[in-house]
Amino acid sequence: MGKPTGFLEDIRMDNPSLAAASRITHFREFHQELTIEKRRIQGGRCMNCGVPFCQSAMVLNGRVSGCPLHNLIPEWNDEIYHGHLGHALSRLTKTNNFPEFTSRVCPALCEAACTCGQYGDPVAIRENEYSIIEHAFANGLIKPRKKSITTDKKIAIVGSGPAGLAAADRLNMRGHQVTVYERDDKAGGLLRYGIPNMKLEKQIIDRRIAIMEAEGVKFIYQTDIGKDISASQLLNDYDAVLLCGGAKQPRDLQVPGRDAKGIYFAVDFLSSTTRALKDGMLSGHYLSAKDKHVVIIGGGDTGNDCVATCVRHHAKSIIQLEMMPEPPETRRTDNPWPQYPNIKKTDYGQEEAITVYGSDPRIYETTVTEFIQNEKGKLTGVKTIQIKNGQPVPGSEKTLPADMVLIAAGFTGIETYISDAFQLPVNAHQTIETLNSGYATSVEKVFCCGDMRRGASLVVWAIAEGRACAKEVDAFLMDYTNMV
Amino acid sequence: MTKTLYEKRFEHDACGIGAIVNIDGRKSHAVVDNALSIVEKLEHRAGKDASGKTGDGVGILVQISHTFFSKVAKEMHIDIGDSRDYGVGMFFFPNDRLKRNQARKMLELISQKEGIVFLGWREVPVHPEILGQKARDCMPKIMQCFLKRPEHLEKGLAFDRKLYAIRREFEQSNDNTYVASLSSRTIVYKGMFLVNQLRIFYPDLQDSDYQSAIALVHSRFSTNTNPSWDRAHPNRFILHNGEINTIRGNVDRMLAREETMVSPVMQDEIDKILPVVNVSGSDSAMLDNTLEFLVMNGVPLPLAVMILIPEPWSNDIDMDRAKRDMYHYYATMMEPWDGPAAILFSDGDTVGAVLDRNGLRPSRYYITDDNTLILSSEVGVLDIPAEKIVQKSRLQPGKMLLVDTKAKRIISDEECKMTFAKKQPYGEWLDRYLVRLEDLPLPNKKLEKLNQKDRDRLYKAFGYTYEEVKNAILPMAQNGSEPTASMGTDIPLAVLSENHQLLFNYFKQGFAQVTNPPIDAIREKIVTDTTVYVGSDGNLLQEKAENCRVLQIENPILSGNDLAKIKAMHKPGFKVETISILYFKNTPLARAIDRMCINCDRAYANGANIMILSDRGVDENHVAIPSLLAVSALEQHLVRTKKRTSVSVILESGEPRDVHQFATLLGYGARAVHPYLAHECIIELIEKGLLDKEYSAAVKDYNQAILKGIVKIASKMGISTLQSYQSAQIFEAIGIKESVIEEYFTNTVSRVGGIGLEEISEGIEWRHSHAFDPLGLGVDTTLDSIGIHQLRSGADKEDHMYSPEVIIALREAAWHNDYEKFKYYTSLVDNEKIPHTLRGLLQFNTDQVTPIPLEMVETEEEIVKRFKTGAMSYGSISQEAHECLAIAMNRIGGKSNSGEGGEKPERLGTERNSAIKQVASGRFGVTSEYLVSAKEIQIKMAQGAKPGEGGHLPGKKVYPWIAATRYSTPGVSLISPPPHHDVYSIEDLAQLIFDLKNANQKARISVKLVSEAGVGTVAAGVAKAGAQVILISGYDGGTGAAPQSSIYHAGLPWELGIAEAHQTLIQNGLRSRVILETDGKLMTGRDVAIACMLGAEEFGFATAPLMTLGCVMMRVCNLDTCPAGIATQNPELRKRFAGKPEYVINFMMMMARQLREIMASLGISKVEDLIGRSDLLSVRDQSITARQASVDLARVLVKANPSMQDKVHYDPLNSFDFELEKTLDMSVLLKKFMPHIKNQTPYSCSLDVSSTNRTLGTILGSEITRYHQKELPDDFYTVQAKGGGGQSFGAFIPQGLTIRLTGDSNDYFGKGLSGGKLVIAPDPKSRFKAEENIIIGNVALYGATSGKAFINGIAGERFAVRNSGAVAVVEGVGDHGCEYMTGGRVVILGRTGKNFAAGMSGGIAYVLDQDHDLYLRINKSMVSMSDVTNKQDITELYDLIASHVQETHSPKGQDILNHFTEVLPYFKKIIPDDYRQMLEKINELEQGMMDHEEAKLSAFYSLVNTQ
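Now for a quick tour of the structure. (Residues numbered from 1 in each chain as written. Chains lettered and ligands numbered in written order. Predicted model: local features only at pLDDT ≥ 70, side-chain atom pairs only at ≥ 80, totals over all residues. Heavy atoms only, no water.)

What to know about the sheet that holds strand β17 (residues 435-436) of chain B
All names here are of chain B. Reading across from one edge, β17-β21-β20 is the order of the three strands in this open sheet, with mixed pairing throughout. At either end of the open sheet lies a strand with only one pairing partner, and these are β17 and β20 (532-534). One ladder, built from three bridges, connects β20 with strand β21 (residues 551-553); its direction is antiparallel. Across the sheet, the residue bridging to V532 is I553, located in β21. (Pairing = 2+ DSSP bridges. Helix = DSSP H or I, 4+ residues; strand = E, 2+ residues; numbered from the N terminus.)

See the structure below:
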């Protein structure tokens, strides 16, 4: 352990962010990294637990707490404290192919389980991770690696989201020939267009893709498997096919007036903005919230991303509706450490909305009962009702003005055209069923991982799935595997 | 029939010894008679069986009495001629007449063939009717024979040599007959007796014509009650009190030496004699065999003893050069037979006595005015008028006492040794032939260095992990010592792990407990030696210069340069050959090993005598034989082919890196090891900036850390020299197949079967393929983290029993008293798919049983009375946690354990009082009050996490409140000795048990042992010694700090220990005498049920209750940073403590509930009926891997059947009877004192004492403590005693009680003194000078906490060891005086022995240093010496001497007082540095108007902050 008493003596310090008022003028990332010296102190707060819950990914009370990648957190925290950032990198990338993604967008299940968090603030694990990987990029430590061998095994990976990329990276470095198919114009999947630039600037993805390409991974864009290329052709051309197409079917809200103009799915709204960004500034056509009363349905991270984006669009007002009650400020007794904390978190978008509009955009325990449209079919408002203990409260009906509604209510499952193409059955969760809780599907040499197998989830899970799937594919191809 | 876990070789014994010699060689019957009286007085040092009627063995060695034998021969019409014209043999024949006659005939034939006239047989008259049943059942037919001396052989040795040859020849062909002695000079009478039966059984000994000038007696205390007639002592030359710890290696090498030894006197007969050693004998018998062999082959007896048991010479700068050279010369040929030993030896003319280097057995002697020497384990065994005694002395460590009855004088140690030292020019010989490694030239060649890629691959091929590099190699290279860790181990045994653990991990270190003491290699460094010798051993039997032509290596962990020097050495007499231990992948391992042996044979044939086994060159196709397998296989091959002493094996390997690994390699035969990959790793750490240190310094520190670790591992077994540790094989294998053991690890204990070569190969290939992908595909070359100590989640990691899920489930179950959650928790722990432990492989047999309803099972409230919490000291855990456990256990009628740190007096008698009070080697806070407050007193002989080791509590953890409870100074570190210095053997433990029983008659006495091979026999011994509870701890339990290698590799799982103890106790009819308890990661009701079914009836839990209090297995107990406020004293962290007694209670109740459910399912209604029901257990049908399936638990599960009506659980009716009513305390003192104690009125009385009145005054003291809450004035109660005081005189007596003794006293005088006063002075009629004679024995005032002692004479070794508050004045002390002392004052008006003030961290000693040579004998690592100049000090010194004179009338004291100013400059003040600093600081703060308590706290914090 770096510093035995670090957790007692030093307080948690987060990367400072630009003031809300200034950062809303652009779409760039807005955190500033601590100095190396301060970062060391943050590394030194890690207690190097005998049982590090941070990397356990245990399910408690139905929620995962701790890192699904089983990142070797205490090890790299220790290296940070000792100033060995190169070593920290090697411990970090041993379990995580893309720390630059997770350190930006992960909700940090690790910090939820951090033992330090039992008595105070958890270790700043996610930002420590960020520091390691960005330091590495800045210092040229991330370079294309040489493959020790190239086998005659060809692998097609369908989808370039985090799961597909993780699998591609591992299988490629193992020595196989990997081709990634992406239906969009650029790689990254939801990373690319589902997550706003404020959280993940897109050159971060480009930077990684360039390295993977240099290492030998082939990327083929704007090619939709099942549409542009048939499943049978793929099966014919490759020794293994990995389906990593995500689970992008958004959950809809079927209430009267749903057909009104001005109702969008959050993901479409966000990607429209991202696509319109050139050099960090909006240009061309995109779904704009400018001067609109916006109602966002869904209190999750995506809803928050929508809030932030709408702020930058200069919406007239922003309301974010959440069905669930307002969470407490601190853990309730029935939600003890190391369970994932169900506490109120005011995210960057909400913070910005408060700054701009003077009040918190969130309304809790409320759902929409009807969309109101004018005679032209254009949305003008939403009718809401309060929900207590899952039941509507009579008399609590309200009408809110709304020119734009963004539905950020999660996803229901996969888009089935790929599975159909491979004649793969879809299960009750609207995902692809694999064999023996592994990654092989019922069709010979077809594998599936990521959201497509698991259902919509976190980037960190996608990477974990991609990694594990790669190992199974290797074993399938070679009859043995030495991958860890 | 399946064997039980017991094996005959586990037996140990220890004893009482005695000798009477008339120095003038005047024979008399009185000598015999008095010797018999001595042994009769040593009853408490003898063992007996459960019935109390059969003894473990008693015997006597005397001269052949011509007056007697000529008389009996005449009656038989045999003409035996003159004195020494005949030899007498003492035979134990079989009772079967045919067999007996055959054997007799055989002896007659052999003598005839040897040209010796056979004179006749005599049936020895005996009285079998006095014997116990057991002894009578196995009594042999006892006969003597007479053999006539031929003319051509001289009387004495020459004739005895012939008799020796006859006896050896006879022994080879007659296994059923034991020859007790066959000599023309001495004879041995012995048998399975109680001490008083020897005399009566053999009427010969009572015959007044039986006259001898020499008589040696011995009473045996065996750990077992299956002793036999022949195992009794004396042997033919020696009798021995102690153990030979290194026996395995000694014997192997002795057997191998047969090939290199050429006898100058018996070469023609050598074939008849060999083998030298009878390997089925006891360690003493084998030592006797060897000694006898040397003597018969021309080595003078005293020299032979010196060769086998040398005094520690290598670190003794004071020793005469010639003597050093002699020892050095012989060291090149013979490793010490190391272990606690007091040996008496005689050839009929000379009598000698020698003590081992540590002086671990007591030996005192008197010389009387009729020139008789009386030596015994104790004084006071014969009533000799004071005026007849001219000298009282003791045998000193490593020293020899010799009486030559022919020369009619005593030969001093110095004279005897110098005579031999000057016989040959040993120094010149060494100078000419001995080669020192440091003198060899370094070849002009660059050392091989690997590139990063190769390193990375080799790491993988040899299974290196990130954890090992960061937590073992790095800290060792950085700090030069092995890192510590805490909270025990919870990963699977190697054989059960899915991770192909290295072969090293299958071997568990043995350690000393009870039957021999571990030693302190740090504080008692003067006795250790790490030198090893390499090359061909010389001919031991002939003194010649070339014999010492060997290479001397000071540190057997070699650097690259060291190895290069050896490889390149060109010296006559040496030929170095490197033998590869690599083989082609896919070759069967057995073949690879065979090839290695063949290559070695070939090299040997070509003259090589140093073989370097090397695994350099591992690549895609070449894999290495596991280094341990290679070394041990070759060692066994060399032993079998008798080349062992002509060839030395050095290992060059990438595999070893941690301490345990090196220890196994040396323990199985490597003479030196070069760990090239570990060294490469250090290079890498430096290159990459992880270690900021110069390379050679880093390697040196790393090597030093390994060496220190090995020395510690050896010292845990009581072994002081690495030379003796090598090949001693002190390990038990767990999980290795019998055939592999037999072939490659011959004689290693292995009782549960396990993997064979195939599985070992699998592991090799598994690792190799991770380094070198079979098809060359990309592999992860970074080091893996598999989470051995600190858990790691994910695939391919080690499974920990305390996983994150388990911890959370357990705490939630306990917090909410949620039994469903508890069952979920236990289902995780008991998951049969991932067994971690042997019990994990077991299941309950429910087929044949009829379940009963739960209501019929004993209630939870009853069951929890059998539950205890683990021994965790106040100090290791916080007050909050400590009290919480106590409250919880008291509320449910279970027991909490104080641990070894004492307890705050205000807790005693309240709900916060710990029911169990622990007495450990440190004796912290062990006061009369503490003991009286206990329901159970537990003697901690060993601790699961680090058996065989003491503790070291660094100063910064000794907070003021901890210091107060431990009677020490805040901020000053505390050291616990590895052994209890009053327990070096089983009969010593019996004494301590007796002491504690006296200190609190109401408490039951418990002895805590750690599971290891042979713990069953130890338990049997402990049961015989009077313990009521025996706790067998598993190796895996344990909080607190311990070296990493100890946590994982020392000791065994409790399953083996408890089963062995249960089985062995039953076999000995002792089971119902004791309560068996177990602990060590007992986590579920299932665990408890299995423990019970293997024999346990009480159960301890430590980690699990801590979890309920918030512990999350941080494993930082050693750092004082426990975030849960449990294992910390930091007030900030303690505020976080959130535990409640209810949580612990909930846990205990749910455990009991689950046990009840299991009992119901097994149809058993009472726990009592579940004990030992191993028939209801079987091995789980489906094992998960082939490796697990190879484990064979038959010997664990075999049900020992009790003989007769003995119950298989504790039966109060069968409790040990201490016969306390017979003590003087009960029979005399209490009767007189009790009314005065109750009325609180002063009183005094006088009485006579003898050595059998042990622990005098302790019961009286305990009653005073019980009745008097407040402190009494000095001398309120006084006992005036006269005579020879027994052991533990005045132990634990409290304030207000004074005992004065006129006479002398034995060991442990004033043990644990708790405020009382002890005064001892010689009888005024004595003729000797008090200040020149020994008056009290060893280990006086051990663990004293307060009080005073005035001793008018010299004390033995280890005076005031661990004293924390008593004040004492004495007139001279032996070695290791004031060792580990933490407080109090000691004034010494005379000489001290060696190693004074070792480990002393508090208190002050004033020593009169008249010769200005005290500096030579002080251990200065912690203390400083100065003149006494401070005014306060001078006053204190004067007052103490004045008190001494007042109490004892000491002439020397009076003399000093008379000339105080002249004498004062000769006084030295010895004070520990840290202690002085602390006192000064506190003083300074008090001057600044701070009150004392506040000053202590501030001083403490200022110290901690500067550290």
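Quick word on the environment of G1312 of chain B
Residue and element names in this part refer to chain B. Mapped onto the elements of the fold, G1312 is located in the loop between β45 (1297-1305) and β46 (1314-1321). For the pair G1312 and S1364, spaced 52 residues apart in sequence, the C-alpha to C-alpha distance is 9.5 Å. For G1312, the residues in contact, after removing those within four places along its chain, are V926, F1292, Y1342, G1343 and A1344. (Contact = heavy atoms within 4.5 Å.)

Considerations on the interface of chain B and chain A
Each side of the interface is counted separately: chain B has 47 residues, and chain A has 46 residues. Summed over both sides, the interface of chain B with chain A buries roughly 3,800 Å², with 58% coming from carbon and sulfur. Here chain B is connected to chain A by seven salt bridges. Where K94 of chain A meets D784 of chain B, a salt bridge forms, and the shortest distance between an N and an O atom there is 2.7 Å. Between chain B and chain A we count 26 residue pairs in polar contact (both at pLDDT 80 or more) in total. Of all the secondary structure elements, the ones that give two or more residues to the side of chain B that touches chain A are α15 (466-479), α24 (757-771) and α25 (804-816) of chain B. Residue composition of the side of chain B that touches chain A, by class: 20 nonpolar, 14 polar and 13 charged. (Buried area = accessible area lost by both parts, 1.4 Å probe. Salt bridge = Lys/Arg side-chain N within 4 Å of Asp/Glu carboxyl O. Polar contact = N/O pair within 3.5 Å; in protein donor to acceptor, adjacent residues only side chain to side chain. Nonpolar A, V, L, I, M, F, W, Y, C, P; charged D, E, K, R; others polar.)

Observations concerning the sheet that holds strand β3 (residues 154-158) of chain A
Residue and element names in this part refer to chain A. The parallel open sheet is built from five strands, whose spatial order is β5-β4-β3-β6-β20. Where the open sheet ends on each side, the last strands, each with one partner, are β5 (218-220) and β20 (446-448). Averaged over all pairs of adjacent strands, the angle between their axes in this sheet comes to 20 degrees, without regard to strand direction. Two elements, strand β4 (residues 177-181) and β5, share three bridges in a ladder whose sense is parallel. By the bridge assignment for β5, V180 is matched with F219. (Axes fitted to C-alpha atoms, helices over the stretch in contact; angles between N-to-C directions.)

Quick word on the environment of D288 of chain B
Residue and element names in this part refer to chain B. One can find D288 in helix α9 (residues 283-296). Apart from residues no more than four positions distant in its own chain, D288 is found in contact with N235, R236, F237 and I238. From its side chain, D288 meets the backbone nitrogen of F237 in a polar contact 2.8 Å long.

A word on the packing of helix α5 (residues 157-173) of chain B against α9 of chain B
Residue and element names in this part refer to chain B. With their axes 10 Å apart at the nearest point, α5 and α9 run at an angle of 130 degrees to one another. With respect to each other, α5 and α9 are oriented oblique. When you trace α5 past α9, the crossing you get is left-handed. Judged by residue contacts, L157, D160, R161, Y164 and R167 of α5 engage E292, F293, V295 and M296 from α9. Per-class residue counts for the contact of α5 with α9 are five nonpolar, no polar and four charged. (Parallel < 35°, antiparallel > 145°, perpendicular 65-115°, else oblique. Left-handed = near helix turned anticlockwise from the far one by under 90°.)

Describing the packing of aromatic side chains
Evaluated as defined, the whole model comprises 51 aromatic pairs over all chains. Between F1500 of chain B and Y1501 of chain B, the ring centres sit 5.4 Å apart and the planes meet at 65 degrees, which makes this aromatic pair edge-to-face. An aromatic cluster is present here, built from F68, F69, F92, F146, Y178, Y189, F193, F201, Y202, Y210 and W229 of chain B joined pairwise through their rings. Its end group placed over the ring of Y81 of chain A, R40 of chain A keeps NZ or CZ at 4.9 Å from the ring centre. The ring centre of Y819 of chain B lies 3.8 Å from the NZ or CZ of R1153 of chain B, which sits over that ring. (Phe/Tyr/Trp six-rings, centres within 6.5 Å; stacked < 30°, edge-to-face > 60°. Lys NZ or Arg CZ within 6 Å of the ring centre and 35° of its normal.)

Looking at helix α2 (residues 66-75) of chain B
For an α-helix, 3.6 residues make a turn, and residues three or four places apart therefore share a direction. All names here are of chain B. Residues of α2 that are buried: F68, F69, V72 and A73. Angular distribution of buried residues about the axis of α2 spans 120 degrees; they occupy a single face of the element. Exposed residues on α2 whose side chains face more than 90 degrees from its buried face are K74 and E75. Residues of α2 that are buried in the fold lie against β3 (86-93), β4 (117-123), β5 (141-148) and β7 (186-191). In the stretch just after α2, H77 is the one whose phi turns positive, near 60 degrees. (Buried < 20%, exposed > 50% of the residue type's maximum accessible area, 1.4 Å probe, protein only. Arc of directions from axis to C-beta.)

Observations regarding the environment of T367 of chain A
Residues and elements named next belong to chain A. On the secondary structure map, T367 appears in strand β14 (residues 366-373). Relative accessible area serves as the criterion here: at 14%, T367 is assigned to the buried category. Spatially, the C-alpha atoms of T367 and G466 are 36 Å apart, while their sequence positions differ by 99 residues. When neighbours within four sequence positions are excluded, T367 is seen to be in contact with M323, K383, T384, I385 and I387.

A closer look at the pattern of salt bridges
It is possible for side chains bearing opposite charge to pair when their charged atoms get close. Residues and elements named next belong to chain B. Following the criterion strictly, the structure yields 155 salt bridges over all chains and no others. D1274 is the salt-bridge partner of K1348, the closest N and O atoms lying 2.8 Å from each other. Within this pair, whereas K1348 is found in strand β48 (residues 1346-1351), its partner D1274 is found in the loop between α43 (1258-1267) and β44 (1277-1285), the two being separated by 74 residues in sequence. Under the relative-accessibility criterion, K1348 is labelled partly exposed at 30%. Looking at D1274, the relative accessible area reads 33%, which means it is partly exposed. Residues joined by salt bridges that share partners form a network here, namely R84, D160, R185, D347, D349 and K406.

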